[in-house]
Amino acid sequence: MLNRQGRPTSIRPLADEPAVAGAAGSERPPASASGGAAAASGIPQTFTGNRGLVQEEPLIFEIGRPDVSGIDLDEPEAFEPRLGGLERTAPIGLPGLSEPETMRHYVRLSQGNYGIDTGLFPLGSCTMKHNARLNERMARLPGFADIHPLQPVSTVQGALELMSELARYLTTLTGMPAVALQPKAGAHGELLGMMAIKAAIAARGEAETRNVVLVPDSAHGTNPATAALLGFTVKSVPARDDGWVHLADVKPLLGPEIAAIMLTNPNTCGLFEPRAAEIAEAIHGAGGYFYCDGANFNAIVGKVRPGDLGVDAMHINLHKTFSTPHGGGGPGAGPVALSERLAPFAPVPFLRQEDDALQLVEDAENPEAVGRMTAFHGQMGMFVRALAYMLSHGSDGMRQASEDAVLNANYVRACLSDLMSLPFGDKPCMHEVLFDDAWLKDTGVTTLDFAKAMIDEGYHPMTMYFPLVVHGAMLIEPTESESKASLDLFIAALRDLAFAAKRGETERFTGAPYLAPRRRLDETRAARQPVLRWTPPAPIPALQAAE
Ligand SMILES: Cc1ncc(COP(=O)(O)O)c(C=O)c1O
């Protein structure tokens, strides 16, 4: 098919064609003839592939040409190659576009993304809250953004002071005496916390015998993965019908082989663990440590200090609790708070005030400490954003953010609980509300279908099928940054969908999304067999004839 410029348009597969590029298994919106809500409402297949002002954007390889460039460069001066004959001898055929075409290409691609700046993003367990622009502005100040980790410490005293101040706030909020800032994600923080526990056990001469870690069934997958990676044997604490971990289930598992328990609080079912302090006491009594997964700290900042519950190590996802941007495993930050007992095993580098200056201590004083977790000191940009968030909110504002996050989740719960089922009864939740799929029984609609229909309503789906202890889980975290008006519209949309499911309008769900630029992906194939190589299409006869 040719577009108006006579070039082949991006040929995205129709319903049963195999995918050619990008995610495997993608489908185009239906043409008017194929079934579904879109066809029923008469949405036409357009000539360009665009849908109103939503542009269908081809790959840059499909629209760019090697002989086109948006810039005019001088011919390079002659030079003597120094690559010993390994230098390229022919152009590599990178696609070029004019400057406005380049601009449009990337702006259109960015418009295909749904983010927290586009709309409510109810992804439970991921905390997609508003990132205040003030924090971004601070992180871009040249004194923070342009420094290099190898600069002499005398020239970066301000940055070190910021790190020290952030650590002070984190120790105050957690009620724990030490904090290691280096980890670059929550899972990385878990690794550090458990390495500190392992080092402390080894220092006690129990490395061989104390090698079992207890992990509740409802835990995030990173918990058992971390323990297993460090060579611990993972034993699960069974889930109960009320969503809580019970002391009675932990006690029989305790013994001289127990290294630690990894308990998430608030847990992944959106509930505060009321027996956390008793569990800590029991674990300590058995000689083990209490690792708290603090990924959900955003629900309790300013309300509960984990140190008071007996926590020995806890990671904090700065990118969830203190509003810094998310990012797969990289640009996040997962500092770890440590108890008195674990502080001597903290990694290097750490900060020490000497005379009038802050020094970075690069060599561990304790030979049994965990050593170094990352090159350099951690994610400076995230430290700046997190501290800007803390200072701009103040202690009362941080507490209010937690209260509002909990209030918003409970508002969603209260407004939907007559239609959607709650696996642990209609009791107050923390910052996220968990529904199961019992209410969809006999409707022919699954959790996945419901989530896809939310896309047609302009919402990113909630977290689905996690935690695993709940059948067909739907975990909704609205965050504190949503207004009542925005929550009301979201709730109304979900109620409308819920009524439609119950009325038997299965077609609205099973074929959804109808209105998104792409239809339903084969998500397993997309993850397992991504097509990352672009293969030029065969020349089109009509074009060849014209040339
Ligand atoms: C409960 C829990 N633990 C650990 C993690 C891992 O954090 P990260 O994605 O930053 O590695 C998450 C992330 O969503 C989480 O929700």
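Residues numbered from 1 in each chain as written. Predicted model: local features only at pLDDT ≥ 70, side-chain atom pairs only at ≥ 80, totals over all residues. Heavy atoms only, no water.

In this section: the site of the ligand. Residues in contact with the ligand amount to 14 residues; listed here are only the nearest, S125, G186, A187, D293 and H319. At 3.0 Å from an oxygen atom of the ligand is found a side-chain nitrogen or oxygen belonging to N317. Elements that contribute at least two residues to the shell around the ligand include exactly helix 7 (186-203) and helix 11 (318-321). Top element by residues in the shell around the ligand is helix 7. It accounts for three residues. The residue inventory of the shell around the ligand, partitioned by class, reads three nonpolar, eight polar and three charged. (Near = heavy atom within 4 Å. Polar contact = N/O pair within 3.5 Å; in protein donor to acceptor, adjacent residues only side chain to side chain. Helix = DSSP H or I, 4+ residues; strand = E, 2+ residues; numbered from the N terminus. Nonpolar A, V, L, I, M, F, W, Y, C, P; charged D, E, K, R; others polar.)

So, about the confidence of the model for the protein. When the pLDDT values of the protein are averaged, the result is 90; 90% of them are 70 or greater. A low-confidence stretch, residues 1-40 stays under pLDDT 50, and its non-local contacts, those more than four residues away or across chains, total 97 contacts. (pLDDT = per-residue confidence, 0-100. Contact = heavy atoms within 4.5 Å.)

Take the sheet that holds strand 11 (residues 463-464) next. Pairing within the open sheet is antiparallel, and its three strands lie in the order 10-12-11. Two strands close off the open sheet at either side, each with one partner strand: strand 10 (433-435) and strand 11. Relative to strand 12 (residues 474-476), strand 10 is paired through three bridges, and the arrangement is antiparallel. Pairing of V433 across the sheet is with I476, part of strand 12. Sitting on the sheet, helix 12 (residues 380-416) touches strand 10 and strand 12, and the angle it makes with strand 10 is about 30°. (Pairing = 2+ DSSP bridges. Axes fitted to C-alpha atoms, helices over the stretch in contact; angles between N-to-C directions.)

Moving on, we get to the packing of helix 13 (residues 447-456) against helix 14 (residues 484-503). Viewed as axis vectors pointing N to C, helix 13 and helix 14 meet at an angle of 130°, and their least axial separation amounts to 11 Å. In terms of orientation, helix 13 lies oblique with respect to helix 14. Taken as a pair, helix 13 and helix 14 cross one another with a handedness that is right-handed. Residue-level inspection shows F450, A453 and M454 of helix 13 in contact with helix 14, the latter providing F490, L494, L497 and A498. Across the contact of helix 13 with helix 14, the residue classes tally to seven nonpolar, no polar and no charged. (Parallel < 35°, antiparallel > 145°, perpendicular 65-115°, else oblique. Left-handed = near helix turned anticlockwise from the far one by under 90°.)

By the bridge criterion, five bridges tie strand 8 (residues 350-354) to strand 9 (residues 357-361) in an arrangement that is antiparallel. Within strand 9, the residue paired with E354 across the bridge is A357.

Our next topic: empty space enclosed by the protein. Within this structure, the stated rule accounts for six cavities of 30 Å³ or more. A volume near 80 Å³ is recorded for the largest cavity. As for the largest cavity, its lining consists of C269, L271, R413, L422, P423, F424, G425, K427, C429, V433 and L434. Of the residues belonging to the lining of the largest cavity, the class tally is eight nonpolar, one polar and two charged. (1 Å grid on protein atoms, 1.4 Å probe; cavity = no way out; pocket = protein on both sides within 12 Å on 5 of 7 lines; lining within 4 Å. Points joined across faces, edges and corners; volume = space filled by probe spheres on them.)

Here the focus is helix 14. Spacing of three or four residues puts side chains on the same side of an α-helix, whose turn is 3.6 residues. Taking 1.5 Å per residue, 20 residues should reach 28 Å; helix 14 reaches 28 Å between its end C-alpha atoms and fits that length. All of the buried residues along helix 14 are L487, F490, I491, A493, L494, L497, A498, A500 and A501. Residues of helix 14 that are buried sit in contact with helix 12, helix 13, strand 12 and helix 15 (507-510). Just downstream of helix 14, G504 is the residue with a positive phi angle, here 90°. (Expected span 1.5 Å × (residues − 1). Buried < 20%, exposed > 50% of the residue type's maximum accessible area, 1.4 Å probe, protein only.)

In this fold, N267 is placed in the loop between strand 4 (258-264) and helix 10 (276-285). Since its relative accessible area comes to 1%, N267 is described here as buried. A polar side-chain atom of N267 sits 2.9 Å from the main-chain carbonyl oxygen of G243. Excluding residues within four positions of it along the chain, N267 makes contact with G243, W244, E273, N296 and E432.

Now for the sheet that holds strand 6 (residues 313-315). Strand order in this open sheet of seven strands is 1-7-6-5-4-2-3, and the pairing throughout is mixed. Whereas interior strands pair on both sides, the edge strands pair on one side only; in this sheet they are strand 1 (178-180) and strand 3 (233-237). Averaged over all adjacent pairs, the angle separating strand axes in this sheet is 20°, with direction ignored. Set on the sheet, helix 6 (residues 157-174) makes contact with strand 1, strand 6 and strand 7 (336-338); between it and strand 1 the angle comes to about 125°.

Now for the pattern of salt bridges. Under the criterion given, the structure shown has 26 salt bridges. A salt bridge links R385 to E136; the shortest N-O distance between them is 2.9 Å. Placement of R385 in helix 12 and of E136 in helix 4 (residues 133-139) is noted, with a sequence separation of 249 residues between them. Residues R385 and E136 agree in their burial class; the two are buried. With a closest N to O distance of 2.5 Å, R413 and D426 form a salt bridge. Here D426 lies in the loop between helix 12 and strand 10 and R413 lies in helix 12, a separation of 13 residues in the sequence. On the basis of relative accessibility, which here comes to 12%, the residue R413 falls in the buried class. Salt bridges linked by common partners bring E136, R140 and R385 together as one network. (Salt bridge = Lys/Arg side-chain N within 4 Å of Asp/Glu carboxyl O.)

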